[in-house]
Amino acid sequence: MHLYLALTLQVLWTGVCQAAMQHYPATWGHYDVCKSQVYSDEGLTWDYMACQPEAADMTKYLKVMLDPPNITCGNPPETYCALENPYMCNNECDASTEELAHPPELMFDIEGRNPTTFWQSTSWKRYPKALLVNITLSWNKTIELTDDIVLTFESGRPEQMVLEKSLDYGRTWQPYQFYATDCLDAFTMEPKTVQDLTQHTLLDIICTEDYSRGYVWKYDKTVRFEIKDRFALFAGPRLHNMASLYGQLDTTKNLRDFFTITDLRIRLLRPATGATMVDENNLSRYFYAISDIKVQGRCKCNLHANSCVFDKEKLSCECEHNTTGPDCGRCKRNYQGRAWSAGSYLPIPKGTANICIPNNIGPVTRVCDNELMRCQNGGVCISNVRCNCPSAYTGLLCEKPRCESGLGGCRGADSGQPPLRPPSSFGPLLLLLGSALL
């Protein structure tokens, strides 16, 4: 008995120390364990918790497609002029020569090379017909964005652009954000910035002029879709209160979907011109060129996996909690004792696993929950299957003082505890639960 108490205290103390020392970074990296072993009334058992993969550079796993497919420069070879100097025309693009080729994969290679590597489109030869390019990034997997999407342009930032997302593998699309030098003229939208958004308007689609205006394009090359600024509306300026964001993601489905994608599409509608009028005598000045695209995120595993593997050109979650599927979106065979449910971020820090339970667990599958059938006297509900009770209590919902079974009951001189009875509303419920389990 003393050994059991010592082990229990050791486990509890370790948990308290770990909780006290745990540092939660601005990213969502602390749901990195799906289960751990704990001591309970039944001995050593599993304690399940919500879990998810670490955030990573998702450009390593995507496929890129350009429309029109022959929009990349170099076939036939072409000479380009500098935007700021129409008489400096010494830039060549030749698809048959490696040093002069600019294929799409150079949008995702290692940055910092000298000279800079980049993808480049054909020039605006058919002006005034619009120079339109669609760049589609596909993962064939649902992913959750965890940081800003950043595009780096080598030819000047486009004067008109739309960033779009898909949640159904490219079958349908919806805008994420519009970009223009003049939002009213280009998209009949009032210009806004992400700083104009509130918690109530976070899902609004805006047009911004922040990343399109100005002619210092050689020094300001990036276009952003601001993920972290949107997180900050709930988590604070430095994302110090992530619990608030987790609560919103748990309770607001549209918010969770807003940061979830299967595909991204960059619609380039008008290149940088550097002036109010297009110089029709030097159309080789106008084109698109992208040196880098950053997409930081994680596999969506519905909080049922802490790792995601890339095998045979495909991402898939390594599911826990008796779940299966590429997103852990259903219960495994013979573990359908209750309906599948995604995990929950709450309560902090471990969340709720919502594990799939065996078919033969019996007619009562939810012994406890956080609403009607709460664990009493400090007990903790484990996966809705049972209450993990403090050492001084027992029963289905920890409603019975353990001293009742001792000599003299709870009124004995050594008990030091008055008898405790469950609230009257729980009496019939506990009888029903007990008889059903028996």
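Residues numbered from 1 in each chain as written. Predicted model: local features only at pLDDT ≥ 70, side-chain atom pairs only at ≥ 80, totals over all residues. Heavy atoms only, no water.

Engineer: Outline the overall build of the protein, supporting the account with residue identities and numerical values.
Structural biologist: Within the protein one finds six helices and 24 strands. The burial tally for the protein puts 44% of its 438 residues in the buried class. For the protein, contacts bridging at least 24 residues in sequence account for 65% of all contacts bridging at least 6. Of the accessible surface of the protein, which amounts to about 23,400 Å², a share of 52% is contributed by carbon and sulfur atoms. (Helix = DSSP H or I, 4+ residues; strand = E, 2+ residues; numbered from the N terminus. Buried < 20%, exposed > 50% of the residue type's maximum accessible area, 1.4 Å probe, protein only. Contact = heavy atoms within 4.5 Å. Areas by Shrake-Rupley, 256 points an atom, 1.4 Å probe, with all protein chains shown as cover.)

Engineer: Pulling in residues and values, what's your account of the nonpolar core?
Structural biologist: Ranked by size, the top nonpolar core spans 60 residues in total, and within it Trp119, Ile135, Trp139, Leu264 and Leu268 carry the most contacts. Counting residues per element, this core draws most heavily on strand β8 (residues 133-145), at six residues. Discounting chain neighbours no more than four positions away, the residues touching Ile135 are Val64, Met65, Leu66, Met107, Trp119, Leu264, Arg265, Ile266, Leu268 and Ile290. (Core = buried A, V, L, I, M, F, W, Y, C linked by side-chain atoms within 4.5 Å.)

Engineer: Mind laying out unusual backbone geometry, listing which residues take part and the relevant values?
Structural biologist: Going from Tyr127 to Pro128, the amide bond is cis rather than trans, its omega being 10°. Mapped onto the secondary structure, Pro128 falls in the loop between β7 (119-120) and β8. Here Leu346 and Pro347 are connected by a cis peptide whose omega angle stands at -5°. Within the chain, His321 stands out as a residue other than glycine whose phi angle is a positive 60°.

Engineer: Could you give an account of the state of the cysteines, with specific residues and numbers?
Structural biologist: Formally, a disulfide is one covalent bond, and it connects the sulfur atom of one cysteine to the sulfur atom of another. Taken as a whole and assessed by the stated rule, the structure comprises 10 disulfides. Between the sulfur of Cys183 and that of Cys207 lies a disulfide, 2.1 Å long from S to S. In this structure, the disulfide formed by Cys183 and Cys207 twists by about -85° around the S-S bond and is classed as left-handed. Placement of the pair is Cys183 in helix α2 (residues 183-187) and Cys207 in strand β12 (residues 207-208), with a sequence separation of 24 residues. Owing to a relative accessible area of 0%, Cys183 belongs among the buried residues under this scheme. Bridging Cys389 to Cys398, the disulfide has an S-S length of 2.1 Å. Where Cys389 bonds to Cys398 through sulfur, the torsion about that S-S bond is close to -90°, and the disulfide is left-handed. In terms of burial, Cys389 and Cys398 fall into one category: buried. (Disulfide = S-S within 2.5 Å.)

Engineer: Could you give an account of helix α3 (residues 228-235), naming the residues involved and the relevant values?
Structural biologist: For α3, the set of buried residues is Arg230, Phe231, Phe234 and Ala235. End-on view of α3: buried residues confined to an arc of 130°, all on one side of the axis. Against the buried residues of α3 lie β8, β11 (174-180), β13 (222-225), α4 (242-251) and α5 (253-258). Immediately downstream of α3, the backbone of Gly236 shows phi near 95°, a positive value. (Arc of directions from axis to C-beta.)

Engineer: How would you explain the pairing of strand β16 (residues 296-299) if you had to name every residue and give the values?
Structural biologist: Residues in a regular strand project their side chains so that they alternate between the two faces of the sheet. Bridging between strand β3 (residues 56-57) and β16 involves two bridges; their strand directions are antiparallel. Bridged to Ala56 within β16 is Gly297. Across three bridges, β8 lies against β16 in antiparallel orientation. Looking at the pairing, Ile143 lines up with Cys299 of β16. (Pairing = 2+ DSSP bridges.)

Engineer: I'd love a proper account of the environment of Phe234, names of residues and values included.
Structural biologist: Counting through the fold element by element, Phe234 comes out in helix α3. Judged by its relative accessible area of 9%, Phe234 is buried. In this structure, the C-alpha to C-alpha distance between Phe234 and Tyr246, residues 12 residues apart in sequence, is 8.9 Å.

Engineer: Pulling in residues and values, what's your account of α4?
Structural biologist: One full turn of an α-helix is made of 3.6 residues, so residues set three or four places apart face in the same direction. Every buried residue of α4 is listed here: Met242, Leu245, Tyr246, Gly247 and Leu249. In this structure, the buried residues of α4 make contact with α3 and α5.

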